[in-house]
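Structure assessment
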Amino acid sequence: VRLVALACLLGACGVPSLALSIAQSPADPLPAVAPLALVAAACSLLLVAVPLRAPRVTDTETDVIASLAPLLLGGWMLATAAGRLGDHFWEWRPDLVGLWLCAIGIACVLLGTRAAGFLAAPLAAAALAATPITQLLLTGLAPGPGRAALVAAFLTGLPFLVKRAPARRVRLVRLAVAAAGVLGAAAAAHELGAGAGVAGLIGASSGVIAGAAYAGRRRPGTRRGVPLGTLGRSRVALLLVAGGAVAAIELGDVPRWPIAAPGTYGSVAAPPGAASYELRPGVTVAAWPFDPGGPDDQLGMVVLTSGQSVPAVVTVPFDGLVHWPVDACPTVQTLRLDGLRVDLHLYADVERGFRWSTLQWVSRRPGGGLERVDAILAQGPSGEPSELPAFAPDLGLDAERTAGRFVAARHLDCQLDVPQGADVLGTVLGRVLRGTA
Amino acid sequence: VTGGEQTTGAWRARPQPPESDRAAALDAAVGRLRDASPELSASVVLVRWQAAVLAGLAFAATVGLLLATAITATVLAGGLIALYVVALVDRGSVVARSLGQGRVHTAPIDEPELAARLPTYTILVPVYDEPEVIGRLVSGLGALDYPPELLDAILLVEEDDQRTIAALDRLAVPDWLRVLLVPASEPRTKPKACNYGLEFAVGELLTIYDAEDRPEPNQLRLAVAAFSAEPETACVQARLDFYNDRQNLLTRWFTVEYLFWFQFFLPGLAAAGRPVPLGGTSQHIRIDALRDAGGWDPFNVTEDADLGIRLARRGWRVGVIDSATYEEANSDPINWVRQRSRWYKGYLHTWLVHSRAPRQLVRDLGWRGAGSVLLTIGATPVLAAINQLTWMCTLVFVLGAPHGAARLFPAPVFYAGTFCALFGNTAVVYVVLLSVRISRRYYLATAALSYPAYWLLMAVAAIKAVWQLWLRPSFWEKTAHGLTAGVAEPPAGEATA
């Protein structure tokens, strides 16, 4: 029964995630499925192998009722909330939270509420660790595979290590030993050329084992060494596997964005005199105006973000680069222009009638690395001049501004229509590429 | 209570009542209230007019949502928020009354005159499938400060409960404790067992304890003093508390809830002269008043709350005494949900029973008393069940801003709802924090501050209760006891506060 439940749980995680990621990124949908599916698999296998050490009190009615809220909320997040975030989808990854909730709901029904509670923490940690913005906030640097692994290991393992330790003093020491183990082993493995996922896995394992070994040594009457028997029956093992599974995800090496092959879109180069900033080590951003070629009241601007990896360029929030004159309501649509796939982000000042259409795509640079192009087309109300947003990179407030804008813009009607036809936007796209190539 | 020790298995030497008496007692236990006052019996969930009204409301709401979604949703949301506001104001008034003039008996209990005329006291201890706690029973009751010759302690065991009987065989049951085997029959509920015990009770006063209970030694004497001081009082409720309150967060929440309920709420209700829903144990009752009221309702799974209302409807007063009984707090979430769902189901059932004849209810209790039954007994599970829905709506509203939300919540409804969400929730947390402060159990402060998370569990239990009331109204959701492994229990009779 549990194996069937495991299969259902994996399906529950995988199918919606797959559908969503295909809609968002047909280039390579698998990575979006991976985090929760892997963790769910690991946790469920452990559940199958290791009976829970808990009172044998069960209740089917409770299981069903407890599943309702996470299923409904998770379903709503997958169906609605993901689309509301517009270009911030890839920063916040609300699908992971939705999937986490759905997985918990399904686990409640199939495995029981107690087992779902057992799975909740590692699954939540996995979802959080897989979110680029979490890594950005925790490290202040561009997300990468090694950082993802470390964050995952910390999020999943260390709080529980602290909780499990028997006494306060030992707990602190154990935490320090475990943290040192994680950092040291991960860094060493990475330096020796191991893949980031492998390094993370080694780091997480080392932290857990180091902490457990220290605790075992401190307890009088216990034998020296790693208490493998106890470890195998504990949540630490569960969390170790969960953290390792997340760590194995190579965030940086797998593209998740509709990336154009070199020569298809062509690369966009900043003209001389364009404003340019280095946001983070290896990540630069530049902006310059362009003539969209439409009526006189239309203005255009290109914002080019360059880096070495997809997360490096994708997780630079667009709202951290340009400042809209008002609270603008974002929405996102995917278009095909001249056979090419681009994302169209619409921003609107509904009250005054201003609209900003942003075409966005990521392409590979001929010399290596990637670049994200945001071509902004500003259109004012009929007969009035349009306004361009101010180019003023300020990533320090990215997260706060994004969340604040999302809440503040609630009152706006976000169901915007495409203001121009595909031919107009295709013209804009062509002008951007021709004018700057 | 000391002396009279026996060897193991000796309880079987004391014969059970004759078979004819047992059969008659069983008939009375099941049918006394149902036959004498069928309108007050929970053997039926809904009478015809109640079913018609509920069906009509459901039909109207469904049709309304299909044909006029916005108006119907607005009316429903407005009605719910109005219920929240009224319940909040009502609870606030009860707490204010309690703070100003809590009606808790603290009468002196050592006066020679009182000691000279102590009445015979019956103690009923119903157990079912609880072999793990049966051993603690003797030590718990043995600590009571009461003359053993005036004690009529009865252990009520279902005759087909082999595990408990086997545990009894291994126990040295003292002389002052009678074991009555309750004939197996439906409904299998605690009140039926208590009614059976009532038929053989010989005391003037009666109380109920669970097997794992640890009453404070002076509790019986304090109850006697309270009854002596107020002849019109039929029942006094002792405070319930937990000896494993530090075991985990759930037991802390549970303790905080009980602190509020037994220190603030029940004394406030008693002071206001409103019906008091009695607690599950440690209710001390004049046995003649209990028999006059028809005993417990064997079909009601919160027979204690129901009895409190029936006593009030017959004009008896219910008081609160300042003595604690220490129980085992439910430390497992699923076990807790099962227990709480039974309580909520019983509350709903009790409210449906007493609202069958609304005019009579108002005649018996007055408008305030009848309103109190609605808000204390009826609204508690209903609001707990709806909470989950309202929280999800709030979350979706804040994060998702679904289209048309503004039409569903016109300004008055929106502001009243916001008031409930912000002020109401804060007020509840403040009051439970106040309970912690007054009891000086500061280690519960974190639990009080995180109390809203406890409501999530309550919501699950309330939904389960509504579901079960529909399908299995008299099913007794058994609570597993003995989950406190590793938690030090206080010596019998010692306070742990």
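Residues numbered from 1 in each chain as written. Chains lettered and ligands numbered in written order. Predicted model: local features only at pLDDT ≥ 70, side-chain atom pairs only at ≥ 80, totals over all residues. Heavy atoms only, no water.

Right, let's get into the overall build of chain B. In terms of regular secondary structure, chain B is built from 17 helices and nine strands. The C-alpha radius of gyration of chain B comes to 23 Å, within 12% of the 23 Å expected for a compact globule of 497 residues. In chain B, buried positions account for 56% of the 497 residues. Within chain B, counting contacts between residues at least 6 apart in sequence, those at least 24 apart form 85% of the total. In the structure as shown, chain B presents an accessible area of about 20000 Å², 63% of it carried by carbon and sulfur atoms. If the 44 positive side-chain charges of chain B are averaged to one point and the 48 negative ones to another, these points end up 8 Å apart. (Helix = DSSP H or I, 4+ residues; strand = E, 2+ residues; numbered from the N terminus. Rg over C-alpha atoms; globule rule 2.2 N^0.38 Å. Buried < 20%, exposed > 50% of the residue type's maximum accessible area, 1.4 Å probe, protein only. Contact = heavy atoms within 4.5 Å. Areas by Shrake-Rupley, 256 points an atom, 1.4 Å probe, with all protein chains shown as cover. Lys, Arg positive; Asp, Glu negative; His and termini not counted. Charge placed at Lys NZ, Arg CZ, Asp CG, Glu CD.)

Attention shifts here to unusual backbone geometry. All names here are of chain B. Omega for the bond connecting E186 with P187 falls within 30 degrees of zero, at -5 degrees, which places this linkage in the cis form. Relative to the assigned elements, P187 resides in the loop between β4 (177–182) and α7 (190–199). In this structure, R440 is a non-glycine residue whose phi angle is positive, near 60 degrees. Topologically, R440 is positioned in the loop between α15 (411–439) and α16 (445–449). On the basis of relative accessibility, which here comes to 58%, the residue R440 falls in the exposed class.

Glancing now at the packing of helix α9 (residues 249–271) of chain B against helix α12 (residues 333–354) of chain B. Residue and element names in this part refer to chain B. Interaxial distance between α9 and α12 falls to 11 Å at its minimum, and their mutual angle equals 30 degrees. Relative to α12, the element α9 lies roughly parallel. Our pair here, α9 against α12, has a crossing hand that is left-handed. The segment α9 lies against α12, with L250, F254, E257, Y258 and W261 engaging P333, W336, Q339, R340, W343 and Y347. Considering only residue class, the contact of α9 with α12 consists of eight nonpolar, one polar and two charged. (Axes fitted to C-alpha atoms, helices over the stretch in contact; angles between N-to-C directions. Parallel < 35°, antiparallel > 145°, perpendicular 65-115°, else oblique. Left-handed = near helix turned anticlockwise from the far one by under 90°. Nonpolar A, V, L, I, M, F, W, Y, C, P; charged D, E, K, R; others polar.)

In this section: helix α11 (residues 303–313) of chain B. In an α-helix, one turn spans 3.6 residues; hence positions three or four apart end up facing the same way. Residue and element names in this part refer to chain B. Across the 11 residues of α11, 11 count as buried, placing the element largely inside the fold. What α11 keeps buried is the set E303, D304, A305, D306, L307, G308, I309, R310, L311, A312 and R313. Of the residues one or two after α11, G315 is the one with positive phi, at around 90 degrees.

Summarising the element assignment, B:E216 is placed in the loop between β6 (214–215) and α8 (219–229). Measuring from C-alpha to C-alpha, the distance between B:E216 and B:T394 comes to 45 Å, with 178 residues separating the pair along the chain.

Residues and elements named next belong to chain B. In total, this model carries 26 salt bridges over all chains according to the counting rule given. The closest approach of N and O atoms between R34 and D35, which form a salt bridge, is 3.8 Å. Under the relative-accessibility criterion, R34 is labelled partly exposed at 33%. Here R314 makes a salt bridge to D292, at a shortest N to O gap of 3.5 Å. (Salt bridge = Lys/Arg side-chain N within 4 Å of Asp/Glu carboxyl O.)

Attention shifts here to the pairing of strand β2 (residues 121–127) of chain B. As a general feature of sheets, a regular strand has side chains that alternate between the two faces. Residues and elements named next belong to chain B. With seven of its seven residues buried, β2 lies for the most part within the structure. Of the two faces of β2, both are covered, the one formed by Y121, I123, V125 and V127 as well as the one formed by T122, L124 and P126. With seven bridges connecting them, β2 and strand β3 (residues 151–158) associate as parallel partners. In the strand pairing of β3, P126 is matched with L156. On the question of chirality, the crossover connecting β2 to the parallel β3 by way of helix α5 (residues 131–142) is right-handed. Examined bridge by bridge, β2 and strand β5 (residues 205–208) share four bridges and lie parallel to one another. (Pairing = 2+ DSSP bridges. Right-handed = clockwise from strand over helix to strand, strands pointing away.)

Put simply, chain A has an average pLDDT of 63, and 34% of its residues get 70 or more. In the predicted structure, residues 23–34 of chain A sits below a pLDDT of 50 and forms 28 contacts with residues beyond four places in sequence or in another chain. (pLDDT = per-residue confidence, 0-100.)

Attention now goes to the nonpolar core. Residue and element names in this part refer to chain B. Formed by 84 residues in total, the largest nonpolar core has its most connected members in Y196, L206, W296, W336 and Y454. A total of 14 residues in this core trace back to one element, the largest contributor, which is α9. Beyond its immediate chain neighbours, meaning those up to four positions away, W336 contacts L250, F254, N330, Y454, L457, M458 and A461. One finds Y121, W176, V179 and A238 within the second-largest nonpolar core, a separate group that totals 40 residues. (Core = buried A, V, L, I, M, F, W, Y, C linked by side-chain atoms within 4.5 Å.)

Residue and element names in this part refer to chain B. Two elements in contact, α9 and α15, have axes whose closest approach is 9 Å; the angle formed by their N-to-C orientations is 80 degrees. In this view, α9 runs roughly perpendicular relative to α15, as classed from their interaxial angle. Where α9 approaches α15, its residues V256, L259, F260, Q263 and F264 are matched on the opposing element by V431, V432, L434, S435, V436, I438 and S439. Considering only residue class, the contact of α9 with α15 consists of nine nonpolar, three polar and no charged.

What follows covers the pairing of strand β2 (residues 275–280) of chain A. Residue and element names in this part refer to chain A. The pairing of β2 with strand β3 (residues 283–290) spans five bridges and is classified as antiparallel. Bridged to R280 within β3 is V283. Here β2 hands over to β3 after two residues, with G282 in that stretch at a positive phi of 85 degrees.

Below, the discussion takes up the side chain of B:S435. Structurally, B:S435 is set in helix α15. Apart from residues lying up to four places away in sequence, B:S435 is in contact with B:L259, B:F260, B:Q263 and B:F264.

Now for the side chain of B:K345. Residues and elements named next belong to chain B. Along the chain, K345 falls in helix α12. Its relative accessible area of 0% is what places K345 among the buried residues. Filtering out sequence-adjacent residues up to four positions away, K345 remains in contact with V301, A465, Q468, L469, R472, P473, S474 and F475.

With that settled, the discussion passes to the packing of aromatic side chains. In this description, a pair of aromatic rings is defined by centroid distance and the angle of the planes. All names here are of chain B. Following the criterion strictly, the structure yields 19 aromatic pairs over all chains and no others. Here the aromatic rings of F254 and Y258 are separated by 5.1 Å at their centres, their planes lie at 75 degrees, and the arrangement is edge-to-face. Of the two residues, F254 and Y258 are both situated in helix α9; the distance of four residues between them amounts to about one turn of the helix. Seen in terms of ring centroids, Y451 and Y454 are 5.3 Å apart; in terms of plane orientation they differ by 45 degrees. Their pairing is tilted. Taken together, the positions of Y451 and Y454, both in helix α17 (residues 451–471) and three residues apart, correspond to about one turn of that helix. With relative accessibility at 4%, the residue Y451 sits in the buried group. An aromatic cluster is present here, built from F242, W253, F254, Y258, F262, W336, W343, W391, Y451, Y454 and W455 joined pairwise through their rings. When the ring centre of F265 is taken as reference, the NZ or CZ atom of R91 above it lies at 4.9 Å. Note that R246 overlies the ring of Y443, its terminal NZ or CZ placed 3.7 Å from the centroid. (Phe/Tyr/Trp six-rings, centres within 6.5 Å; stacked < 30°, edge-to-face > 60°. Lys NZ or Arg CZ within 6 Å of the ring centre and 35° of its normal.)

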